[in-house]
Amino acid sequence: MTATRVLVLNSGSSSVKYQLLDMRDASRLAIGLVERIGEQTSRLTHTCLTTGESRGHTGPIADHDAALKAVAEELARDGLGLDSPELAAIGHRVVHGGMFFTEPTVVDDEVLAEIERLIPVAPLHNPANLTGIRTAQALRPDLPQVAVFDTAFHTTMPESAARYAIDPKIADRHRIRRYGFHGTSHAYVSRETARLLGKDPSEVNVIVLHLGNGASASAVARGRCVDTSMGMTPLEGLVMGTRSGDLDPAVIFHLARVGGMSMDEIDTLLNKRSGLFGLCGDNDMREIRRRIDEGDEEAALAFDIYIHRLKKYIGAYFAVLGQVDAVAFTAGVGENAAPVREAAIAGLESLGLAVDPELNAVRSDRARIVSARGARVAVAVVPTDEELEIATQTYALVGKNN
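Worth saying up front: this structure is predicted, and the values here are computed from it rather than measured.

**Brief notes about the domain arrangement of the chain**
Where interface size is given, it is often the accessible area lost as the parts come together that is meant.
Line of reasoning, step 1. Domain annotation for the chain reports domain 1 (5-149) and domain 2 (198-381).
Line of reasoning, step 2. Inter-centroid distance (C-alpha atoms) of domain 1 to domain 2 is 29 Å.

See the structure below:
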């Protein structure tokens, strides 16, 4: 029997998202989420897509080991257990691969050690990713475990884009450079945008705007990333749900010296109490738009700051790419918030950009063009599918051996 199934695991600090896919047709067999791991109110929600049955359980799940065992039990109840000979591999999202990992990689001891060495530059993410891999290894030690890195797509950036303007010896010693994140999404969306235009990815230049609670932009030249907005960490770049994005570094010194704040307090401020939430107390774009419609000036200013930063990156990446074939919006806000797309493109007609109001207002889960007739540059809405991208990269690596 040919093994064609891939289980995709995205292990967070207190959660595990998972999907089981059959790569013969990229169909989903099961999806689920374990959240609040380590709490008394842990919850597992599971849906078998072959039967349409959904189940949920609430109660203490002590750790990731217990979480993945519970996932395995749910899959087994549907006849989709981890012991199935049809399971080809388990693909793991790993947030930070540094410069060492430029493509999906079968996990061995050396790979695990390198992911662990990268923990100082990804302290919130890599430890959880490691836990997920090690637990999955214990459950199926005979099965290939494949790490797919958020940073890998961005390793094609030239040094002129990846380097910060600081002493290179100090930078190299402490691994300080621009790595970028959301790479699986940017890879998938840039490729799907080319398909939407009826072209090969090697023929088009695309600006991808991944706008969710976390947000990032990328400049993709003929299928290769040449610049991206996030840096050494996901803090740099666009205004996000709770992150500040770009900031004068001296603000940190000022808050420490004049404001008397500790490094931990500043870290919390910039990562968890800034962005849209810091500006207006909401990080849900739907709520912000509702408040704007009711005349809320604080929400309106937060929205304007968000859009201003977005426009700056669109303009900057036009300059980086020289020629742009499409601007693609994706992720929760990018796919669903028509006012964000309209405002971000408004005033950029001289760049060949214009949105058709009627097309832009349509809600759909399909990739589509929303630019005005005759616009030189396409404006696209392309739903991202990071799980499919991880499964595709995983199966491409191990499937040929099955």
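**Quick word on the environment of Asp 365**
Line of reasoning, step 1. In this fold, Asp 365 is placed in the loop between α14 (357-361) and β13 (368-369).
Line of reasoning, step 2. We classify Asp 365 as exposed; its relative accessible area is 68%.
Line of reasoning, step 3. With 171 residues separating them along the chain, Asp 365 and Ala 194 place their C-alpha atoms 18 Å apart.

**Considerations on the UniProt feature "binding site: Mg(2+)" (unreviewed entry) in the chain**
Line of reasoning, step 1. Per the UniProt record, "binding site: Mg(2+)" (unreviewed entry) is found at Asn 10 and Glu 386. A maximum C-alpha distance of 10.1 Å among these annotated residues, which run over 377 residues, shows that they cluster at one spot.
Line of reasoning, step 2. For Asn 10, the position within the fold is in strand β1 (residues 5-11).
Line of reasoning, step 3. We classify Asn 10 as buried; its relative accessible area is 17%.
Line of reasoning, step 4. Among residues more than four places away in sequence, those in contact with Glu 386 are Thr 184, Ser 185 and His 210.

**Points about the pattern of salt bridges**
Line of reasoning, step 1. Going through the model one piece at a time under the given rule, you end up with 26 salt bridges.
Line of reasoning, step 2. We note a salt bridge from Asp 385 to Arg 28, for which the minimum N-O separation is 2.4 Å. With Asp 385 in the loop between β14 (378-381) and α15 (386-398) and Arg 28 in strand β3 (residues 27-35), this residue pair connects regions lying 357 residues apart in the sequence.
Line of reasoning, step 3. Overall, the relative accessible area of 14% leaves Asp 385 in the buried class.
Line of reasoning, step 4. Look at Arg 28 and you get partly exposed, because its relative accessible area is 26%.
Line of reasoning, step 5. Residues Arg 195 and Glu 192 are paired through a salt bridge, measuring 3.0 Å at the closest nitrogen-oxygen approach. Pair noted here: Arg 195 and Glu 192 are both in helix α6 (residues 183-196), with a separation of 3 residues, about one helical turn.
Line of reasoning, step 6. One connected set of salt bridges, linked through shared partners, spans Glu 53, Arg 55, Glu 74, Arg 77 and Asp 78.

**Section: the sheet that holds strand β5 (residues 53-58)**
Each strand in a sheet pairs with another by means of backbone hydrogen bonds, the pair being arranged parallel or else antiparallel.
Line of reasoning, step 1. Across the sheet, which stays open at both edges, the 8 strands sit in the order β5-β4-β3-β2-β1-β6-β8-β7 with mixed pairing between neighbours. Strands at the two margins of the open sheet, each flanked by one partner only, are β5 and β7 (105-106).
Line of reasoning, step 2. Where β3 lies against strand β4 (residues 43-48), 6 bridges are found, and the strand directions are antiparallel. Within the sheet, the bridge partner assigned to Val 34 lies in β4 and is Leu 44.
Line of reasoning, step 3. With respect to the sheet, α15 is in contact with β1, β2 (16-22), β3, β6 (87-94), β7 and β8 (145-149), its orientation differing from that of β6 by roughly 130°.

**A few points about the sheet that holds strand β10 (residues 215-221)**
Line of reasoning, step 1. If you walk across this open sheet you meet the 6 strands as β11-β10-β9-β12-β14-β13, and the pairing is mixed. Of all the strands in the sheet, just β11 (224-228) and β13 have a single pairing partner and so form its edges.

**Some words on the packing of helix α10 (residues 285-293) against helix α11 (residues 297-321)**
Line of reasoning, step 1. The geometry of α10 relative to α11 is characterised by a closest axis approach of 8 Å and an angle of 125° between their N-to-C directions. Between α10 and α11, the angle is such that the two are oblique. α10 and α11 meet at a crossing whose hand is left-handed. Facing α10, whose interface residues are Met 285, Ile 288, Arg 289, Arg 291 and Ile 292, α11 presents Glu 298, Ala 299, Ala 300, Phe 303 and Tyr 306.

Rules of the game
Residues numbered from 1 in each chain as written. Predicted model: local features only at pLDDT ≥ 70, side-chain atom pairs only at ≥ 80, totals over all residues. Heavy atoms only, no water. Domains from an automatic or database assignment. Helix = DSSP H or I, 4+ residues; strand = E, 2+ residues; numbered from the N terminus. Buried < 20%, exposed > 50% of the residue type's maximum accessible area, 1.4 Å probe, protein only. UniProt positions renumbered as here; feature names shortened; annotations may be inferred. Contact = heavy atoms within 4.5 Å. Salt bridge = Lys/Arg side-chain N within 4 Å of Asp/Glu carboxyl O. Pairing = 2+ DSSP bridges. Axes fitted to C-alpha atoms, helices over the stretch in contact; angles between N-to-C directions. Parallel < 35°, antiparallel > 145°, perpendicular 65-115°, else oblique. Left-handed = near helix turned anticlockwise from the far one by under 90°.

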